[in-house]
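# Structural features, examined
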Amino acid sequence: MSRPSRHPRPQYASPSPSASNISFSPAPQYVSSRSSYPTFLSLQETAWLQLACAGRGLVDAFRWDTVVRLVASDSEVRSNVLKSLMLNTVSLISVYFFDWLLHPLAQEQQKWFHRNLGWFYQVLWLLPVVGISLYLNSSWCTLIAKRTFTLQHGSRAAAQPPSTYGGMLNALATSAYRGVMVFTSVVVSFALAYIPYIGPPMGFAFLCWVDAYYCFEFIWIARGFSLSRRVRHLEERWAYYFAFGLPTAALCMWGSSLANAALFALFFPAYIIMAIYSRPLPLDPYNPALSMISGGHAEDDVLRYPSPLIPIRIPIFAPVIFLNDWIVRVLSVGGKSTGASTGYSVGGKTIGVGARHRRAPSDSVESIEEGEVNELDSMAFKSQMLDGSRVRVRGLGQGGASGSGRVGRKHD
């Protein structure tokens, strides 16, 4: 007698006629690891691209037809340009009158009044005229830049400054920091001139970049660029901005300091207009070959980095930012810097000097110069200060301070 099996044998269905139509997914294609390596341009190609960017900057610095056409077509720009032109012409004539006529004649005189006539002329006339002209020229150039930017990009393209109390404080901090940056830039340019042999060429190149920075600063502020982004934008396109600032730097290097300042102020409104209508190159410094093509599109979207032998970014303003940081720390009350003065932003939070972290030079004082600390950050800082000093406005409960666990209300 046979014993039945405990586990019946499974039954398999016969293959259907449509089994031959089953499609199998192809095996994955393995790509060579060499294809994942970054692709670099040759040294010659990178050099030619930088020369092309410099040529574009030099062409944009001589677009006087754009300036004449805009001044002739818009009445607001024309009136501000004419006011700036007349005032700076008076200032420049006063400077040259002292340098070429009054100062040589006063040196050969024997009487005390005649010998010091130049000093009286400088204190009572020249310095007030130059100072007033620079102040008024700054306000007129701001109006020219705003109007030109509106005509070029529309009224909604500009970043509107906040109208709150914190926004006004940021505007004051911006003006103060710009003054400090102008001062430190002049100090660095004069200091470079005292270096033997290479000092004068380095000082001239630095002056080219400084002139280009201040010509483009209005459009960067209108677009909402922070200080670190402005500096990074210029330092990554160093060839273009060197060529753009070359004409003004070459024009303002032959006379005295006051004469050079007055001459730069005379041409400053025109170069602001040129800067707004220009297009700095390369569009992408890390893929310059693609960004140099018109429209920024190519048949093969291959990322090709510049040659490692030519730097993408040159730390041009590192000495200026270092001096600005030092001056801000010195001017801080009690020698302590708040997060809004010398801090840097990481993940939306501002970290001060006390955190003992090293900072990149172009990120150092971004918050105080362009208003990176917004109103919410300032309110959070105030709330933290109030948390540390709570004011009791009500008595404790019946359980006492330890039994009930209740605390007084904060003084808002």
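Refer to the structure presented above.
Quick caveat, the model's predicted, so the values are computed rather than measured. (Residues numbered from 1 in each chain as written. Predicted model: local features only at pLDDT ≥ 70, side-chain atom pairs only at ≥ 80, totals over all residues. Heavy atoms only, no water.)

### Remarks on the packing of aromatic side chains
Selection rule: Aromatic contacts are taken between Phe, Tyr and Trp rings whose centres are within 6.5 Å, Trp giving its six-membered ring; a plane angle under 30 degrees counts as stacked, one over 60 as edge-to-face, and the others as tilted. Helix numbering and strand numbering both begin at the N terminus, where a helix is a DSSP run of H or I of at least 4 residues and a strand a DSSP run of E of at least 2. The buried label applies to any residue whose accessible area, calculated with a 1.4 Å probe on protein chains only, is under 20% of its type's maximum; exposed applies above 50%, and partly exposed to all values in between. Charge-over-ring placement is defined geometrically: NZ (Lys) or CZ (Arg) within 6 Å of the ring centre, and within 35 degrees of the ring normal.
Going through the model one piece at a time under the given rule, you end up with 18 aromatic pairs. Residues Phe 206 and Phe 317 carry aromatic rings whose centres are separated by 6.1 Å and whose planes lie at 55° to one another, so their mutual orientation is tilted. Linking Phe 206 in helix H7 (residues 199–222) with Phe 317 in the loop between strand S2 (304–305) and helix H12 (318–331), this pair joins segments that are 111 residues apart in sequence. The two residues Phe 206 and Phe 317 agree in class, both being buried. Members of the aromatic cluster, joined through ring pairs, are Trp 64, Phe 206, Tyr 213, Tyr 214, Phe 216, Trp 220, Tyr 240, Tyr 241, Phe 244, Phe 267, Tyr 271 and Phe 317. The ring of Phe 225 carries Arg 229 above its face, with NZ or CZ at 3.9 Å from the centroid.

### Things to note about the packing of H7 against helix H9 (residues 238–251)
Heads up, the rule is: Throughout, an axis means a line fitted to C-alpha atoms (over the contacting stretch in the case of helices), and angles, computed between N-to-C directions, take values from 0 to 180 degrees. Working definition: roughly parallel below 35 degrees, roughly antiparallel above 145 degrees, roughly perpendicular at 65 to 115 degrees, and oblique for all remaining angles. The criterion used for residue contact is that any of the two residues' heavy atoms lie within 4.5 Å.
Contact geometry of H7 with H9 gives a least axis separation of 7 Å together with a crossing angle of 100°. Judged by the inter-axis angle, H7 sits roughly perpendicular to H9. Residue-level contacts link Phe 204, Ala 205, Leu 207, Cys 208, Trp 209, Asp 211, Ala 212, Cys 215, Phe 216 and Trp 220 of H7 to Trp 238, Tyr 240, Tyr 241, Phe 242, Phe 244, Gly 245, Leu 246, Thr 248, Ala 249 and Ala 250 of H9.

### Examining the nonpolar core
Condition: To qualify as a nonpolar core, a set must consist of buried Ala, Val, Leu, Ile, Met, Phe, Trp, Tyr and Cys residues joined through side-chain atoms within 4.5 Å.
Counting 54 residues, the largest nonpolar core has Phe 216, Phe 244 and Phe 317 as the members making the most contacts within it. Examining the composition of this core, we find that 13 residues originate from one element, H7, more than from any other. When sequence neighbours within four positions are dropped, the list of residues in contact with Phe 216 reads Tyr 240, Tyr 241, Phe 244, Ala 275, Ser 278 and Pro 280. By size, the runner-up hydrophobic cluster in this structure holds six residues, among which are Val 95, Phe 98, Leu 126 and Val 130.

### Structural notes on the pattern of salt bridges
Condition: Here a salt bridge means any side-chain nitrogen of Lys or Arg lying within 4 Å of a carboxyl oxygen belonging to Asp or Glu.
Per the counting criterion, the structure on display carries nine salt bridges. For Glu 235, the salt bridge goes to Arg 313, with nearest N and O atoms at 2.7 Å. Linking Glu 235 in helix H8 (residues 227–236) with Arg 313 in the loop between S2 and H12, this pair joins segments that are 78 residues apart in sequence. On the basis of relative accessible area, Arg 313 is assigned to the partly exposed category, the value being 30%. Between Asp 325 and Arg 329 there is a salt bridge whose closest N-O contact spans 3.7 Å. Note that Asp 325 and Arg 329 are positioned in helix H12 at a spacing of four residues, about one turn of the helix. According to the relative accessible area criterion, Asp 325 is buried, its value standing at 6%.

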